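Structural description and commentary
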Amino acid sequence: MNVDVWLVPIRPRPAWVRLLDDAERARWARLAASPAGDVFVTSRALQRLWGAFAVGVPPAEVVVDRSCEHCGDPGHGRPRLAGAPAYSVSHTGSLLLLATASAGLIGADVEAPAAAADPAGLAGVVLSASEHREFSVADPAERTGRLLTAWTRKEAAMKLAGLGLAAAPARVDVRGPLARSDVPGWPREPVHLRSLAVPGGHVAALATTVPVRAVHRRDLALLDAPVTAGRP
């Protein structure tokens with residue numbers, strides 16, 4: 001199974017605002033004066049650009065289903081697009097990651113080093129008992145990296161499961177090549193884990209229901225050319 005990955009810097013992108021629907025523009029307007037506005041536009045517009053590329057419709061016609069598969073809430077589920085491969089999105093304040101799978105389900109997560117500013121405190125919340133024991137005896141110089149690796153793997157797996165933080169991270173064990181959990185709604189299929197190399201000191205991970213054979217870094221120009229050229 002192949003995974004395609006887009007890594008997009010977060011910055012103002014005025015041309016992308018017109019790709020959003022009315023509800024998204026209204027939300028962007030409330031966020032526009034903050035860095036969160038750039039994150040929101042980058043995330044929603046990139047999903048529309050990729051969706052248009054994947055299913056062959058204009059970005060404005062891309063309809064992403066974000067309903068929860070477990071509780072039916074329309075706003076916090078794993079994003080899905082009819083007729084397109086499974087995909088997952090994650091971001092820090094400066095980088096957005098979109099990953100797609102050629103088969104099965106996928107979850108992706110990226111974190112900045114600052115996410116583990118308090119490694120000991122975060123470890124007490126995020127890690128399972130077994131993981132915490134290993135963390136506690138690790139070389140102090142390695143603990144931040146180990147924690148960020150565990151955290152991104154857990155987030156990716158929980159996104160794949162469609163549970164997000166509704167699944168307590170401490171109940172998801174990611175020490176091996178598979179993520180394991182006893183939380184209700186956890187997938188019956190094996191959840192495979194893979195680290196993902198990203199720039200700027202970030203740490204990222206993928207979770208998939210089909211083992212990954214290859215990861216391909218894709219260029220934004222593949223998706224953005226119609227927009228930058230001024231075509232609909």
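I will try to describe carefully the structure that is included in this document. (Residues numbered from 1 in each chain as written. Predicted model: local features only at pLDDT ≥ 70, side-chain atom pairs only at ≥ 80, totals over all residues. Heavy atoms only, no water.)

1. Some remarks on the sheet that holds strand 3 (residues 95–101)
- A sheet is described by the order of its strands in space; here four strands give the open sequence 2-3-1-9, paired in mixed fashion. Single-partner strands in this sheet number two, and they are strand 2 (87–91) and strand 9 (214–217). Sheet twist, expressed as the average angle between the axes of neighbouring strands with direction ignored, equals 20 degrees.
- As paired elements, strand 1 (residues 2–9) and strand 9 share four bridges and run parallel to each other. Its bridge partner being in strand 9, Asp4 is matched across the sheet by His216. (Pairing = 2+ DSSP bridges. Helix = DSSP H or I, 4+ residues; strand = E, 2+ residues; numbered from the N terminus. Axes fitted to C-alpha atoms, helices over the stretch in contact; angles between N-to-C directions.)

2. Quick notes on the pattern of salt bridges
- Under the defined criterion, the tally for this structure stands at twelve salt bridges.
- Among the salt bridges present, the one from Arg44 reaches Glu24, with a minimum N-O distance of 3.2 Å. Placement of the pair is Arg44 in helix 3 (residues 35–55) and Glu24 in helix 2 (residues 22–31), with a sequence separation of 20 residues.
- In this structure Arg44 comes out as buried when scored by relative accessible area, which is 16%.
- Salt-bridge contacts for Glu134 lead to Arg146; the nearest nitrogen and oxygen are separated by 4.0 Å. Of this pair, Glu134 sits in helix 5 (residues 129–137) while Arg146 is found in helix 6 (residues 140–160), placing the two residues twelve residues apart along the sequence. (Salt bridge = Lys/Arg side-chain N within 4 Å of Asp/Glu carboxyl O. Buried < 20%, exposed > 50% of the residue type's maximum accessible area, 1.4 Å probe, protein only.)

3. Overview of the side chain of Glu131
- Assignment of secondary structure puts Glu131 in helix 5.
- In this structure Glu131 comes out as buried when scored by relative accessible area, which is 5%.
- Glu131 has contacts with Val126, Lys154, Val172, Asp173, Val174 and Arg175, leaving out every residue within four places of it along the chain. (Contact = heavy atoms within 4.5 Å.)

4. Structural notes on the packing of helix 4 (residues 119–126) against helix 5
- One can describe the packing of helix 4 onto helix 5 by two numbers: an axis separation of 9 Å at closest approach and a directional angle of 160 degrees. As judged from the angle between their axes, helix 4 and helix 5 are roughly antiparallel. Every pair of crossing elements has a handedness; the one defined by helix 4 and helix 5 is left-handed. Note on element contacts: helix 5 touches helix 4 through Glu131, His132 and Phe135, opposite Pro119, Ala120, Ala123, Gly124 and Val126. (Parallel < 35°, antiparallel > 145°, perpendicular 65-115°, else oblique. Left-handed = near helix turned anticlockwise from the far one by under 90°.)

5. A word on the environment of Leu46
- For Leu46, the position within the fold is in helix 3.
- Overall, the relative accessible area of 0% leaves Leu46 in the buried class.
- Taking the C-alpha atoms as reference points, Leu46 and Leu96, 50 residues apart in sequence, are found 9.2 Å from one another.
- In this structure, Leu46 is in contact with Val8, Trp16, Val41, Leu96, Leu98, Leu220 and Leu223, ignoring residues within four places of it in sequence.

6. A closer look at the packing of aromatic side chains
- Per the stated rule, a full pass over the model turns up one aromatic pair.
- Ring geometry for Trp50 versus Tyr87: centroids 4.8 Å apart, planes at 45 degrees, classification tilted. Residue Trp50 is located in helix 3, and its partner Tyr87 is located in strand 2; the two are separated by 37 residues in the primary sequence.
- Here the guanidinium or amino end of Arg13 rests over the ring plane of Trp16, the centre of that ring lying 4.7 Å away.
- The ring of Phe135 has Arg143 lying over it, and the distance from NZ or CZ to the ring centre is 5.8 Å. (Phe/Tyr/Trp six-rings, centres within 6.5 Å; stacked < 30°, edge-to-face > 60°. Lys NZ or Arg CZ within 6 Å of the ring centre and 35° of its normal.)

7. Thoughts on the sheet that holds strand 5 (residues 172–173)
- In spatial order, the strands read 4-8-7-6-5; together these five strands make up an open sheet with antiparallel pairing. The sheet is open, and its two edges are formed by strand 4 (106–111) and strand 5, each paired on a single side.
- Here two bridges tie strand 6 (residues 178–181) to strand 7 (residues 191–196), and the two strands are oriented antiparallel to one another. Following the sheet pairing, Ala179 is matched in strand 7 by Val191.
- Of the strands in this sheet, strand 4, strand 5, strand 6, strand 7 and strand 8 (203–208) touch helix 6, which is tilted by about 145 degrees from strand 4.

8. Remarks on the pairing of strand 6
- The pairing of strand 5 with strand 6 spans two bridges and is classified as antiparallel. Note on strand 6: the bridge partner recorded for Val172 is Ser181.
- Connecting the antiparallel pair strand 5 and strand 6 is a turn made up of four residues.

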